[in-house]
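# Examination of the molecular architecture
The residues making up each chain are set out below.
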Amino acid sequence: MRANIPVWLFNTLCVIAIIALFVAIVGIGVLISNALEPKDGYNKVHLTYNTGCIDHEDGQILNAKNKLYTDDLIECTAFRIVRDYSVKANYEIHYYTEKGDYLPSATVVTSDLEYEVTTMPAGAVGIRLVIVPGETDVDLTGLINITRGQYAGMLELEATNEQPTSGGTSGGVTELAA
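Residues numbered from 1 in each chain as written. Predicted model: local features only at pLDDT ≥ 70, side-chain atom pairs only at ≥ 80, totals over all residues. Heavy atoms only, no water.

## Topic: the overall build of the protein chain
The secondary structure content of the protein chain amounts to one helix and 13 strands. Put simply, the protein chain runs from its N terminus to its C terminus through helices and strands in the order α-β-β-β-β-β-β-β-β-β-β-β-β-β. Expressed as a percentage of its 178 residues, the buried residues of the protein chain come to 34%. Of all intrachain contacts in the protein chain linking residues separated by at least 6 positions in sequence, the fraction that spans at least 24 positions is 73%. (Helix = DSSP H or I, 4+ residues; strand = E, 2+ residues; numbered from the N terminus. Buried < 20%, exposed > 50% of the residue type's maximum accessible area, 1.4 Å probe, protein only. Contact = heavy atoms within 4.5 Å.)

## Thoughts on the sheet that holds strand β10 (residues 114-117)
Taken in spatial order, the four strands of this open sheet run β1-β12-β7-β10, and their pairing is antiparallel. Each edge of the open sheet carries a strand with a single partner, namely β1 (43-45) and β10. The mean inter-strand angle of the sheet, taken between neighbouring strand axes irrespective of direction, is 25°. Here strand β7 (residues 78-83) runs beside β10; their pairing, made up of four bridges, is antiparallel. Paired with R80 across the two strands is E116, which belongs to β10. (Pairing = 2+ DSSP bridges. Axes fitted to C-alpha atoms, helices over the stretch in contact; angles between N-to-C directions.)

## A closer look at the environment of E158
With respect to the element layout, E158 can be found in strand β12 (residues 155-160). A C-alpha to C-alpha distance of 5.5 Å links E158 and Y42, two positions 116 residues apart in sequence. Discounting residues that sit within four places of it in the chain, E158 has contacts with Y42, N43, K44, F79 and R80.

## Examining the pattern of salt bridges
Counting across every chain of the model gives two salt bridges. In this structure, R80 engages E116 in a salt bridge whose closest nitrogen and oxygen atoms are separated by 3.9 Å. You can see R80 sitting in strand β7 and its partner E116 sitting in strand β10, a full 36 residues away along the chain. When sorted by exposure, R80 lands in the same class as E116, which is buried. The residue R80 makes a salt bridge to E158 at a minimum N-O spacing of 2.8 Å. (Salt bridge = Lys/Arg side-chain N within 4 Å of Asp/Glu carboxyl O.)

## Some points on the pairing of β12
Along β12, five of the six residues are buried, which leaves the element largely enclosed by surrounding structure. Note that β1 and β12 share three bridges and pair antiparallel. Looking at β12, one finds that K44 is bridged to E158.

## Concerning the nonpolar core
Counting 24 residues, the largest nonpolar core has F79, I93, Y95 and I127 as its most contacted members. Counting only elements with at least two residues in this core, the list comes to β7, β8 (89-96), β9 (102-109), β10, β11 (126-133) and β12. In terms of residue count, β8 provides more of this core than any other element does, four residues in total. Apart from the residues within four sequence positions on either side, I93 is in contact with F79, I81, S105, A106, T107, V109, Y115, I127, R128 and L129. Core analysis: the second largest hydrophobic core is formed by eight residues, I54, A64, Y102 and A106 among them. (Core = buried A, V, L, I, M, F, W, Y, C linked by side-chain atoms within 4.5 Å.)

## Details of the confidence of the model for the protein chain
Per-residue confidence for the protein chain averages 78 on the pLDDT scale, and 74% of its residues sit at or above 70. The low-confidence segment residues 167-178, where pLDDT is below 50, has 35 contacts with residues more than four positions distant or belonging to other chains. (pLDDT = per-residue confidence, 0-100.)

Below you can see the structure in the form of structure tokens.
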């Protein structure tokens, strides 16, 4: 036996079903995007490098074939760096003002696999990184032996422009001041 449903009722039920399906799909998408988003406000930063280093006194880029520095100034109020444990290298953090002027203060990180700064030095709004390879990864001509170490991928930087909830810096650090 076939039920006699008016056409207008059938069309209304179809529209309601389509709307409910759309709302369910959007809701699932929102849940997934919230699950993938960092909870602490940090966002991963893509780093690109050039060969050279940064002078500790005036911030000038120097010609050095045995170090790598980040191309771009990364603007942030706090950051976290995670180092690949298999790469034996140190790195330096150089700080810059809002106008892009160098602050004559650098931090050399020697041992930490994770390093976090939640309070930037006074006046600092951005950073640049310098990777200093281990002696065994620099050949006789002073060039970085790229085949021995994957330096460009050794650091993962997460930065934020919000004030994080944790405080301070981690250890294994040498402060350099002019």
